Amino acid sequence: MPVLGIGGLFFRAKDPDGLSAWYREHLGVGAGCSADSGPVDEWTWWTQGGPTVFAPFKESTDYFAADKQWMLNLRVSEIDRLLDRLRAAGIDVITNPEWDAPETGRFARIHDPDGNAIELWEPPAA
């Protein structure tokens, strides 16, 4: 198969520069960020290899807001440390023990300044 992975995620924002800065500051995501020792430049975010879920949802789903066409799921490590940092920055963190399971991992939800849902997912230890 010639497709190797997701090459980008593009979406509209009220303040693209401000929203980019928010993602970089709070999640280490976006242009100029690297999750490993990859090169850093003005356009790309270097990520670690691993699973990516690509799944359309039913139009009637209540898994994320009805007025949004997408929800970002970020694969994370050390979720407790990340959630502590986000809370310390005044970002509302939503957790639910029912979301977590040994076979799927742990989950939390936050929203960016434009109200887009961001699901944080720590996969189970291998």
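What you are looking at is a predicted structure, and each value in this text was computed from that prediction instead of being measured. Throughout this document, residue positions are counted from 1 along each chain, in the order its sequence is written. Totals for whole chains, interfaces and linings use every residue, but because this is a predicted model, local features are given only for residues with pLDDT of at least 70 and side-chain atom pairs only at 80 or more, for both listing and counting. Note: side-chain values were computed over all heavy atoms of the structure, leaving out hydrogens and water.

### Some remarks on the confidence of the model for the protein chain
Note: predicted coordinates in regions of low pLDDT should not be interpreted at a detailed level. For clarity, the cut-off: The predictor's confidence in any single residue is recorded as pLDDT, a number from 0 to 100. Under the scheme used here, helices are H or I runs from DSSP no shorter than 4 residues and strands are E runs no shorter than 2 residues, and both carry numbers assigned from the N terminus.
For the protein chain, the average pLDDT comes to 91, and 99% of its residues sit at 70 or higher. The weakest mean pLDDT in the protein chain belongs to strand β2 (residues 45-46) at 86; the strongest belongs to helix α2 (residues 79-88) at 97.

### Side note on the pattern of salt bridges
Heads up, the condition is: By definition here, a salt bridge exists when the distance from a side-chain nitrogen of Lys or Arg to a carboxyl oxygen of Asp or Glu is within 4 Å. For every residue, the accessible area obtained with a 1.4 Å probe (protein chains only) is divided by the maximum for its type, and the residue is called buried under 20%, exposed over 50%, and partly exposed between those limits.
Within the structure shown, the criterion is met by 4 salt bridges. Where Glu 119 meets Arg 109, a salt bridge forms, and the shortest distance between an N and an O atom there is 3.6 Å. Residue Glu 119 is found in strand β5 (residues 117-122), and its partner Arg 109 is found in strand β4 (residues 106-111); the two are separated by 10 residues along the sequence. Taking relative accessible area as the criterion, Arg 109 reaches 9% and is therefore assigned buried.

### Structural notes on the environment of Arg 24
The test is simple: Residue contacts follow a heavy-atom distance rule, with two residues in contact if any of their heavy atoms lie within 4.5 Å.
Structurally, the position occupied by Arg 24 is in helix α1 (residues 16-27). In this structure, the C-alpha to C-alpha distance between Arg 24 and Trp 45, residues 21 residues apart in sequence, is 9.8 Å. The residues touching Arg 24, leaving out its near neighbours within four places in the chain, are Val 29, Ala 31 and Cys 33.

### Examining the nonpolar core
Just so we agree on the cut-off: Residues belong to a common nonpolar core when they are buried Ala, Val, Leu, Ile, Met, Phe, Trp, Tyr or Cys residues joined through side-chain atoms within 4.5 Å.
Counting residues in hydrophobic clusters, the biggest one holds 18 residues, and the most contacted among them are Tyr 23, Leu 27, Leu 74, Leu 86, Ile 110, Ile 118 and Leu 120. Mapped onto this core, the elements with two or more residues apiece are α1, β3 (72-75), α2, β4 and β5.

### Side note on the side chain of Asn 116
The topology assignment puts Asn 116 in the loop between β4 and β5. Beyond its immediate sequence surroundings of up to four residues, Asn 116 is in contact with Lys 68, Trp 70, Ile 110 and His 111.

### Brief notes about the pairing of β4
Keep this limit in mind: In this scheme, strands are said to pair when DSSP sees at least two bridges between them.
Pairing of β4 with β5, which is carried by 6 bridges, proceeds in the antiparallel orientation. What sits directly across from Phe 107, in β5, is Trp 121. With antiparallel pairing between neighbouring strands as the criterion, β4 and β5 make up a hairpin whose turn holds 5 residues, including Gly 115 at a positive phi of roughly 85 degrees.

### Structural notes on the sheet that holds β4
So the rule is basically this: To get an axis, a line is fitted to the C-alpha atoms, and for a helix only the part in contact is used. The angle between two axes follows their N-to-C directions and goes from 0 to 180 degrees.
Strand order in this open sheet of 3 strands is β3-β5-β4, and the pairing throughout is mixed. Taken across any chain shown, the strands that pair with only one partner, and hence form the sheet edges, are β3 and β4. Across this sheet, the average inter-strand angle for adjacent strands is 25 degrees, counted without regard to direction. The pairing of β3 with β5 spans 4 bridges and is classified as parallel. Of the residues in β5, the one forming a bridge with Leu 72 is Ile 118. On top of the sheet, α1 reaches β3, β4 and β5; it is set at about 25 degrees to β5, its chief contact. With respect to the sheet, α2 is in contact with β4 and β5, its orientation differing from that of β4 by roughly 20 degrees.

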